[in-house]
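# Chains, contacts and geometry: an overview
Below, each chain spelled out in residue letters.
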Amino acid sequence: MVETIGWRHVNNLSGLDMTTQDLLITRISDQIREEQDYTKILEKGGLRLARTKYWVPVPVLLFLIWAVVCITNGISALTILMLWIVGSFFIYMFYFFLMMIPSLGSDSSSHLTSTHTQIQIREFLRLANLLKTVRKNKVTFIEIFWNAFLINAKPLAKGFAIIYLIDMVCAVILYAEEMIDLHLLIIVCFQILLIFAFYAKIVRSKPDTPGFFVPRNQENVSPETETAKIKIWLYISLFAMITGLLVVGAMLFPGITLNNYLSVISILPSEYPMILILVLLVQAVIIRYFQGIESRTLMETLNASHIAALKDDLLPRVKAAGPEQLNDLQREFLILRMNKLMVQEFFHRFPVYAIVPNFLLIADPEAQEVLDSTGDEKSIKDLL
């Protein structure tokens, strides 16, 4: 008699451990095939990005034509520059929501959930077991979220850099024309520099590697005196504090900066809705296009390393594992599966490739058992 229950395949004749090993090998093989299918999606992405580049000039031309029409009808060109800056802060704060729109007109087979989704969601909402698993694995889940954030933010850097370089030019022109004062110019430029520094740090950072909040390799330093220890801790504390301020400044201050900017400039964005809509459209298309290019390059590298980790590392270890090793290997595989590779596109154009944490996997009671049996293997300090 054989029955399948979640992660464990129970065979009353041959014993639990052997069938658990067989089932894990099957699951890893299926996961490898799924990620090889994602490789094919990435390969198609080159053609879709090639088609996309012909659509990028369309909103730019519409914006320029409308700007000429507005100027010939008495609207100052400086007003359009003011609205460009307004739009850039709006797009920075709300661009994330564009990533939440499901793909439209896409033939991609990359989905966040597969079968039994309703059952998974019902199990997911059984909070007692769920909270127990989260409590015992909180550092693991934080790391998954943090890695996904870093990976998905990297491709945004180039698009935002273009938008905010134009912003700085606009701000300097507005100051030269006495439309804004020196104080506002400094506020806008300082906010832009904070965003540049934040994304520069994201681009330099590596997922699964500490060093974002504290300097790397400090654990290898062996101070010989108490004074040296104090200096090292002061250095680490200062580095962490500056990074924390940078994160807060780049993620929370743009709204404050926009409010200060709107309180000083002599126009209301609502007075020029068509200009603002076109500004937002141009900026969104620029960011989206470069995000697609950069995310495809990044995901090709990550997907290849993911397949290699499964095929050349984890699968051989599972095949050679003894019964006492299977639980740790199941945990390792489960965590790898939580990093779901996804594609979002609109009618085969403007594709963006991302990693989405798929926490519905822990809805399976047997998956919860695997996670609960070991708990966190890292501490918060290991993530910094």
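What counts, and at which threshold
Residues numbered from 1 in each chain as written. Predicted model: local features only at pLDDT ≥ 70, side-chain atom pairs only at ≥ 80, totals over all residues. Heavy atoms only, no water. Helix = DSSP H or I, 4+ residues; strand = E, 2+ residues; numbered from the N terminus. Buried < 20%, exposed > 50% of the residue type's maximum accessible area, 1.4 Å probe, protein only. Contact = heavy atoms within 4.5 Å. Areas by Shrake-Rupley, 256 points an atom, 1.4 Å probe, with all protein chains shown as cover. Expected span 1.5 Å × (residues − 1). Bend = angle between axes of the 7 residues up to and from the residue. Axes fitted to C-alpha atoms, helices over the stretch in contact; angles between N-to-C directions. Parallel < 35°, antiparallel > 145°, perpendicular 65-115°, else oblique. Left-handed = near helix turned anticlockwise from the far one by under 90°. Nonpolar A, V, L, I, M, F, W, Y, C, P; charged D, E, K, R; others polar. Pairing = 2+ DSSP bridges.

## Focus on the overall build of the chain
Secondary structure assignment for the chain yields 13 helices and four strands. Per-residue burial over the chain gives 43% buried out of 384 residues. Excluding contacts between residues fewer than 6 apart, the proportion of contacts in the chain whose partners are at least 24 apart in sequence is 81%. Total accessible area on the chain is roughly 20400 Å²; 66% of this is exposed by carbon and sulfur atoms.

## Some words on helix 11 (residues 273–320)
Taking 1.5 Å of rise per residue, the 48 residues of helix 11 would be expected to cover 70 Å, and the 65 Å separating its terminal C-alpha atoms lies within 8% of that figure. The largest bend in helix 11 amounts to roughly 35 degrees and is located at leucine 314, with the proline proline 316 lying one to four residues further along.

## Structural notes on the packing of helix 11 against helix 12 (residues 326–338)
Two elements in contact, helix 11 and helix 12, have axes whose closest approach is 11 Å; the angle formed by their N-to-C orientations is 165 degrees. When the interaxial angle is binned, helix 11 and helix 12 end up roughly antiparallel. Between helix 11 and helix 12 lies a crossing whose hand is left-handed. For the pair helix 11 and helix 12, the contacting residues are His306, Leu310, Asp313, Leu314, Arg317 and Val318 in the first and Leu329, Glu332, Phe333 and Leu336 in the second. Grouping the amino acids of the contact of helix 11 with helix 12 by side-chain chemistry returns six nonpolar, one polar and three charged.

## Some thoughts on the environment of leucine 276
With respect to the helices and strands, the residue leucine 276 is situated in helix 11. Residue classification places leucine 276 among the buried positions, given a relative accessible area of 13%. Leucine 276 has contacts with Leu83, Val86, Gly87 and Pro269, leaving out every residue within four places of it along the chain.

## Structural notes on the pairing of strand 3 (residues 339–346)
Most of strand 3 sits out of view: seven of its eight residues are buried. Looking at chain direction, strand 3 and strand 4 (residues 349–357) are connected through seven bridges and run antiparallel. Each residue of the ladder has a partner; that of methionine 342, found in strand 4, is alanine 354. In this antiparallel pair of consecutive strands, strand 3 and strand 4, the connection spans two residues, and phenylalanine 347 shows a positive phi of 55 degrees.

## A short note on unusual backbone geometry
Glycine aside, residues mostly have negative phi angles, and peptide bonds mostly take the trans form. With phi around 60 degrees, glutamate 178 is a residue other than glycine that occupies positive phi space. Relative to the assigned elements, glutamate 178 resides in the loop between helix 7 (157–176) and helix 8 (182–204). Its identity is not glycine, yet phenylalanine 350 carries a phi of approximately 50 degrees, on the positive side. Relative to the helices and strands, phenylalanine 350 resides in strand 4. Taking the relative accessible area as the measure of exposure, phenylalanine 350 reaches 15% and is therefore buried.

## So, the environment of leucine 185
Mapped onto the fold, leucine 185 is located in helix 8. For the pair leucine 185 and tyrosine 175, spaced 10 residues apart in the sequence, the C-alpha separation amounts to 6.7 Å. Those residues in contact with leucine 185, other than ones at most four positions away along the chain, are Ala171, Val172, Tyr175 and Ile180.

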